[in-house]
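Residue-level structural notes
One letter stands for each residue in the lines below.
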Amino acid sequence: MDTGSPHLRWMEEAMTMAEEALAAGEVPVGCVFVREGSIIARARNRTNELRNATRHAELEAIDSILRDKELTSTISKYPLSNTMLYVTVEPCMMCASALRQMGIKEVYYGCGNDRFGGCGSVLGVNEMLDHPSHPPYRAIGGYLREEAILILRRFYITENTNAPVPKSKANRVLKTEILP
Ligand SMILES: [Zn+2]
């Protein structure tokens, strides 16, 4: 990872959205979309609020970009072809596929997603899978990776704080050690 790169600045912005998700009781994942050096959309996970499992940060942001007539003035096959995504967690298979179908230019993410990762952790939807027309895209992880992991841990350790604490979770402590 090239520290001091502009990628870290954009990832800090994505992390701010993840913090907002955490404060709202959502799995803390945040993202920004960047076009020609500026952020054109910021979003965070809203699956609990909307009771809708498709409301991942990436799809929330894509919806707002496509709705905005200044950002999406013409109908084109690949409306994200000059746009990059910065997201705190590797996009899931659903989002990775949507991003490819919309021609995203590049993706930068924080930590991997062992359960649903669509950019290599579970399936390489971004470039490993051949597709007759949709072009592959590069997805590069490791930007603010430790912060991305720690904020997820903060969520999973505090969720259900209002519910009776099961014995197995009663002595949970926040692990701050991160394995490579
Ligand atoms: Zn997703």
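Under an unreviewed UniProt entry, the name given to the protein is tRNA-specific adenosine deaminase 2, and the source organism is Hypsizygus marmoreus.

Side note on the overall build of the protein
Counting its secondary structure elements, the protein contains six helices and five strands. Traced from its N-terminal end to its C-terminal end, the protein shows the element sequence α-β-β-α-α-β-α-β-β-α-α. The burial tally for the protein puts 35% of its 180 residues in the buried class. Contacts in the protein between residues at least 24 apart in sequence constitute 54% of all its contacts with a sequence separation of at least 6.

Quick notes on the environment of I40
Along the chain, I40 falls in strand β2 (residues 38-44). Residue classification places I40 among the partly exposed residues on the basis of 18 C-beta atoms within 10 Å. Residues in contact with I40, not counting those within four places in the same chain, are F33, R35, I65 and L71.

Thoughts on unusual backbone geometry
Even without being glycine, E36 reaches a positive phi, approximately 50°. You can call E36 exposed: it has 8 C-beta atoms within 10 Å. Not every positive phi belongs to a glycine, and R51 is a case in point at roughly 50°. Its location among the elements puts R51 in the loop between α2 (47-50) and α3 (57-67). Since 8 C-beta atoms lie within 10 Å of it, R51 is described here as exposed.

Thoughts on the environment of E12
Along the polypeptide, E12 turns up in helix α1 (residues 6-23). On the basis of neighbour counts, which here come to 14 C-beta atoms within 10 Å, the residue E12 falls in the partly exposed class. Along the chain, E12 and T88 lie 76 residues apart, while their C-alpha atoms are 9.0 Å from each other.

Conventions adopted
- Residues numbered from 1 in each chain as written.
- Predicted model: local features only at pLDDT ≥ 70, side-chain atom pairs only at ≥ 80, totals over all residues.
- Helix = DSSP H or I, 4+ residues; strand = E, 2+ residues; numbered from the N terminus.
- Buried ≥ 20, exposed ≤ 12 C-beta atoms within 10 Å, placed from the backbone.
- Contact = placed C-beta atoms within 7 Å.

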